[in-house]
Amino acid sequence: MEQRRLRARCVIAGGGPGGMMLGIGLARAGVDVVVLEKHADFLRDFRGDTVHPSTLDIIDQLGIRDGFEAIRHHSVSGLDIVLDGTRLHPIDFASLRGPNREIALMPQWDLLNLLAEHGRTLPGFRLLMSTEAVALQRDDTGRTTGLVARDDRGELRIDADLTVLADGRDDRLRAEAGLTPREFGVPIDVLWFRLDLPAGEVPPDTLAYVTPRTMLVTIPRTGYYQCGLLIPKGAFDDVRAAGLGALRDRITGAAPFLRGSAEAITEWSQVKLLAVQIDRLECWWTPGLLAIGDAAHAMSPAFGVGINYAIQDAVAAANALAAPLRDGSDLAPHLAALQRRRLPPVTHMQALQLRAHRLIAGRSAAILHTPPRWYERAMLALALPIARRAAARIVGRGFRPERLDDVPPTRSDQRSPATPST
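Report follows, based on the coordinates. The written sequence of each chain sets the order in which its residues are numbered from 1. The predicted nature of this model means local features are confined to residues of pLDDT at least 70 and side-chain atom pairs, given and counted, to a pLDDT of 80 or more, with totals for whole chains, interfaces and linings taken over all residues. Side-chain descriptors were evaluated using all non-hydrogen atoms of the structure, hydrogens and water having been removed beforehand.

Thoughts on unusual backbone geometry
Point 1. In this model, D84 sits at a positive phi of 55°, which is unusual for a non-glycine residue.
Point 2. Strands are runs of DSSP state E lasting at least 2 residues, helices are runs of H or I lasting at least 4, and numbering of each runs from the N terminus. Turning to its location among the elements, D84 is positioned in the loop between β5 (78-83) and β6 (86-92).
Point 3. Throughout, exposure labels follow a simple rule: accessible area from a 1.4 Å probe, protein chains only, divided by the maximum for the residue type, with under 20% read as buried, over 50% as exposed, and the rest as partly exposed. D84 sits in the buried class, given a relative accessible area of 7%.
Point 4. Despite not being glycine, F303 shows a phi value in the positive range, around 70°.

A few points about the environment of V276
Point 1. Here V276 lies in the loop between β17 (272-274) and β18 (278-281).
Point 2. Measuring from C-alpha to C-alpha, the distance between V276 and G185 comes to 9.4 Å, with 91 residues separating the pair along the chain.
Point 3. Here a residue-residue contact requires only that any non-hydrogen atoms of the pair lie within 4.5 Å. The residues contacting V276, other than those within four sequence positions of it, are V186, I188, D189, V190, K233, S300, P301 and H357.

A closer look at helix α9 (residues 306-327)
Point 1. The span expected for a helix works out to 1.5 Å for each residue beyond the first. Its 22 residues place the ends of α9 32 Å apart at the C-alpha level, agreeing with the 32 Å of an ideal helix rising 1.5 Å per residue.
Point 2. For α9, the principal kink sits at L321 and spans about 45°; a proline, P324, occurs within the next four residues.
Point 3. Among the 22 residues that make up α9, 16 are buried, leaving the element largely enclosed by the rest of the structure.
Point 4. G328 sits one or two residues past α9 and shows a positive phi near 75°. One axis is fitted to the seven residues ending at the residue and one to the seven starting there. The bend at that residue is the angle between these axes.

Here we look at the side chain of R248
Point 1. Its place among the elements puts R248 in helix α7 (residues 244-254).
Point 2. By the criterion applied in these results, polar contacts are pairs of N or O atoms within 3.5 Å in which, for protein atoms, one can donate a hydrogen and the other can accept it, and in which residues neighboring in sequence qualify only through two side-chain atoms. At 2.6 Å, the side chain of R248 forms a polar contact with the backbone oxygen of I265.

Digging into the pairing of strand β2 (residues 33-36)
Point 1. Residues V33 and V35 of β2 are buried on one face, and the alternating residues V34 and L36, pointing to the opposite face, are buried as well.
Point 2. Paired strands, as defined in this entry, are two strands with at least two bridges between them according to DSSP. The pairing of strand β1 (residues 5-13) with β2 spans four bridges and is parallel. When the sheet's bridge partners are listed, C10 is paired in β2 with V33.
Point 3. With helix α1 (residues 17-28) bridging β1 and the parallel β2, this β-α-β connection has right-handed handedness.
Point 4. Where β2 meets strand β8 (residues 125-128), four bridges bridge the pair, whose relative direction is parallel. Bridge pairing in β8 places V35 opposite L127. Handedness of a crossover is defined as follows: orient the strands so they point away from the viewer, and if the path from the first strand over the helix to the second runs clockwise, the crossover is right-handed.

What about the nonpolar core?
Point 1. Only buried residues count toward a nonpolar core, which is a set of Ala, Val, Leu, Ile, Met, Phe, Trp, Tyr and Cys residues joined through side-chain atoms within 4.5 Å. L22, L36, F68, F125, L162, L290 and L321 are the most contacted members of the largest nonpolar core, which has 82 residues in total.
Point 2. In terms of residue count, α9 provides more of this core than any other element does, 11 residues in total.
Point 3. Each residue touching L321, except ones within four places of it in the same chain, is listed here: L26, L162, L290, L331, H334, L335 and L338.
Point 4. Grouped together as the second largest cluster of nonpolar side chains are 28 residues, V76, L83, L105 and L230 included.

Here it is, written out as structure tokens:
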């Protein structure tokens, strides 16, 4: 029987934002790359839908902003938080420098379709849908030399100088490679569901409603809210036992204007449990292999930075690895340098996320009176202008934003796809 085999400089397991952006970055720099996506399409309800200014900068660099804007989405220059009944405006992206001073709230499947469409115009880029990476290939020294994949035709082997794991936090391949993450305790989980916009007047765009009892995230999408209700870690069984009525009461206790919308939750199948975790690999690479995004560092939903940090990893990786991949030179020093570059911003953001979760989980009393006392108003007046600028910079661009290196423009008529062999 003929053995199906492909050869590429780089093979990427996972067609999420990080994997897709790395494939594009390498292909535009002249590296032939194969991206594997195990599903037939991208139409799933992802958690990460916030496209931050750092990612919009990359969209502009790729020259696909017109295509991005043609997709229906919701853009905001700032987000409010309602804390103990008082509306605050702690994040204002309009204070950022540069052309992109807003976040775009776009379903992730639309973003991935846009990136896939652009990738297919680049020489050397090949996206294989319905193709799941199932095992690593290794040589006698233990070096990773590619992937074993499976599609509807059976087994497919892909030989590559570099194998990239970009397929998320529950990565079997990561364990096969001997990469074990360090886990950080997170005291909360999230119940994920959608609610229609209420009839009548709708409040300003609001990131979250926070009370001593709970926190309700309300991400505005076109025509509805994508909501996240924070619960104590491991408490989902208790929440279910209390019933849907108690769940709806928790929602409306935080955001009373959603009372009518919450009545539409009539089955537990409408509610998805997201087990929140934060972890990080001590080492992101082994010979011939690299992990990026959630495969290297699982982020929590706090501040909506997950897909943006995965894209930052991908951009930095493309910049660092394109030349040695083209030349066939030793990748090890470049992989080590890439981790040194990306580890500090990831570490800083995860530390902020952990602190935010512990503060929220540890609340047992209101922080502000309703309405705020005069001294509380004075403190807010002094602190919020500083907080707005700092939060916009940290959330909107991150601790170390990346930009794609300039490369000569590619031509779609010079395509040189991954080489098949038997």
